[in-house]
Amino acid sequence: MADGEGQGTVDGFIELDGVEKVFDVRRKAGFLRRERHRVRAVDGISFRVPRGEMVGYIGPNGAGKSTTIKMLTGILVPSGGRLRVAGIDPARDRTRLARRIGVVFGQRTTLWWDLPLRDSYGLVRRMYRIPDARYRANLERCVELLDLGDLLDVPVRQLSLGQRMRGDIAAALLHDPEVLYLDEPTIGLDVVSKAKVREFLRDVNAERGTTVLLTTHDLTDIEQLCKRVMVIDHGRLVYDGGLDGLHAVGGSERVLVIDLERELPPITDVPGARPVKVEGPRQWLAFAATQSAAPIVAAVAARHPLVDLSVREPDIEEVIAKMYADRKAL
Amino acid sequence: MADAPAGVLRRAGEGVHAYGLIVGMWVRSTMAYRTSFVMMALGNFAATALDFVGIAIMFTHTDTLGGFTLPEVALLYGTTSTSFGLADLALGTMDRVGRRVRDGTMDTLLVRPVPVLAQVAADRFALRRLGRVSQGVLLLAWTLYRLDVHWTPVTLLLLPLMLISGAVIFGAVFVAGAAFQFRAQDASEVQNAFTYGGTTMLQYPPTVFATELVRGVTFVVPLAFVNWLPALRILGRDDPLGLPGWVDFASPLVALVCCALAGAAWRAGLRGYRSTGS
Ligand SMILES: Nc1ncnc2c1ncn2[C@@H]1O[C@H](COP(=O)(O)OP(=O)(O)O)[C@@H](O)[C@H]1O
Ligand SMILES: [Mg+2]
């Protein structure tokens, strides 16, 4: 414990030391009989995030990502361990911390359904007592970067999922939070909205130095945004480091899906890529995820009649499964 | 720190501020469907008004009910309706806590820098509930005009004190009921028994009920302090339990105790909140 405190003061803006969350779950087991059992949603996690870092927090469904965020925001009280955000114990000082953090839950909007988007922002302004000039500058910036100009006077119920998510992200940033938590911000979004959200987060992190922690199971989010990624599975941190390292550890592969003009034998003449599947004129080429796709695409295009192509990111479940397999093999 | 009186006052002030803000948002949301709002408000008014018409009709067959005349019963009815109507207008929609706990949307309230109680109290604020208050106030006005009692400065003061204390007691019941929903999300029926059931009872003179029931309503759930005890003093009648005279003035004190208990229940409930799995 003593040395944990010592480390904590050095650089941790967000600090977790052996944090646990255990849920007592009661389940119906037949008529009137209830079975109690414990779910270790977060099972002894420790990490530190310095101010201004952008970190991806990834893992399969049920891994404990949302539970971690709920503890970081003070919604849930940890069952064990020590947790600090900006030196504050979130569960004890939830309301005080709330002024300094922004939270976006992917599936839960905080916008007002029947009112124009603008009204939701007005409420945030008054609830957080944001000074007028600050508010106007922040709103202007969000509107521009998230392309909300035409949406401000539209009732929220008429917005698409992607527009609403952009609206929600702006709402979480109007009070200049020092740290922004996003739980699955890109889930279910269209390509355009996804791109806008990513670009905006990158900008917020770079320009304002906002610390960002986002959970996702879309590896592309991480790839485009985060230098550092933490992988959680069954409540435990199984990886903490760069994305390249993750791919190296996981030995994961991306897949290039190409549509050719006509049916051809499997393409074997592209270095670094190997055919994994052929279906008529469509072929699947696997290559190491640590490698750039550009030279492979160029090589294919140079040698074969290419019509269309897309790149499939490695599936997070697959990467983690491979990590486990490799660990066992060691 | 947070328990220092200044801290408590500041938090209360913040709560009221936030409550006002959120209520404003709901009122504006309601106005997005203006016609349906007007219909609902009128319906609300008509339904509660018809309720009293039922009692008035009873009096065409009898001159007194449990020894009380029509204006006297109307005083009981008007005071309960007004008190309950005020509490119901301000906090009546709090029973959505259960739903928010079940579907996990409570999470979004917990990350705001204002008291959760204020946010929940203002949740889905329904202006149409003005219907009940206006009925209560109108009836009360009529009663005061018709009522044949000797007003003294004391009884004149007792009237607003009774209305406010009554509203606060009902409000405390709403808060306690909402707090209980953190544990049992479908507990709103129990709460309704106290609030809606309680008002129905308080609209009649205590003399029409069994003494045991009146005793329960006085001591166990202190609803008798909403209007029965002070109203009996105004009407110059003895209460059926034969309690000492000062009890008629105890309503504000009872209201304060109810608030403290409801506040403790709320904090305990909130502490036990455990969100939901995704
Ligand atoms: N409030 C809760 N009550 C009971 N179990 C929960 C609760 N929240 C999460 N869990 C369980 O804890 C585990 C982790 O959940 P969660 O943190 O939501 O995972 P993730 O966000 O990574 O998908 C799951 O098994 C989930 O069912
Ligand atoms: Mg989740």
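Fair warning: this is a prediction, and the values are worked out from it, not measured in the lab.

Cut-offs applied
- Residues numbered from 1 in each chain as written.
- Chains lettered and ligands numbered in written order.
- Predicted model: local features only at pLDDT ≥ 70, side-chain atom pairs only at ≥ 80, totals over all residues.
- Heavy atoms only, no water.
- Pairing = 2+ DSSP bridges.
- Helix = DSSP H or I, 4+ residues; strand = E, 2+ residues; numbered from the N terminus.
- Axes fitted to C-alpha atoms, helices over the stretch in contact; angles between N-to-C directions.
- Near = heavy atom within 4 Å.
- Polar contact = N/O pair within 3.5 Å; in protein donor to acceptor, adjacent residues only side chain to side chain.
- Areas by Shrake-Rupley, 256 points an atom, 1.4 Å probe, with all protein chains shown as cover.
- 1 Å grid on protein atoms, 1.4 Å probe; cavity = no way out; pocket = protein on both sides within 12 Å on 5 of 7 lines; lining within 4 Å.
- Sits in = over half its atoms within 2 Å of the grid points.
- UniProt positions renumbered as here; feature names shortened; annotations may be inferred.

(A) Region of the structure containing the sheet that holds strand E2 (residues 34-49) of chain A. All names here are of chain A. Strands sit in the order E2-E1-E4 across an open sheet of three strands; the sheet is antiparallel. The sheet is open, and its two borders are formed by E2 and strand E4 (80-85), each paired with just one other strand. Strand-to-strand twist in this sheet, taken as the mean axis angle between neighbours without regard to direction, amounts to 35°.

(B) Region of the structure containing the site of ligand 1. Surrounding ligand 1, one finds 17 residues, the nearest of these being A:Gly62, A:Lys65, A:Ser66, A:Thr67 and B:Arg274. Near ligand 1, residues from chains A and B are present, making the site a shared one. Between ligand 1 and B:Arg274 there is a distance of 2.7 Å, counted from a nitrogen atom to a backbone nitrogen or oxygen. Protein coverage of the free-state accessible area of ligand 1, which is 560 Å², stands at 82%. Applying the majority rule of atoms within 2 Å of the grid points places ligand 1 in the second largest pocket. Secondary-structure elements contributing two or more residues to the shell around ligand 1 are strand E1 (14-28), E2 and helix H2 (65-72) of chain A. No other element matches the three residues that H2(A) contributes to the shell around ligand 1.

(C) Quick peek at the UniProt feature "domain: ABC transporter" (unreviewed entry) in chain A. Annotation from UniProt places "domain: ABC transporter" (unreviewed entry) at residues 14-259 of chain A. A helix fraction of 34% and a strand fraction of 32% characterise residues 14-259 of chain A, whose end C-alpha atoms lie 46 Å from each other.

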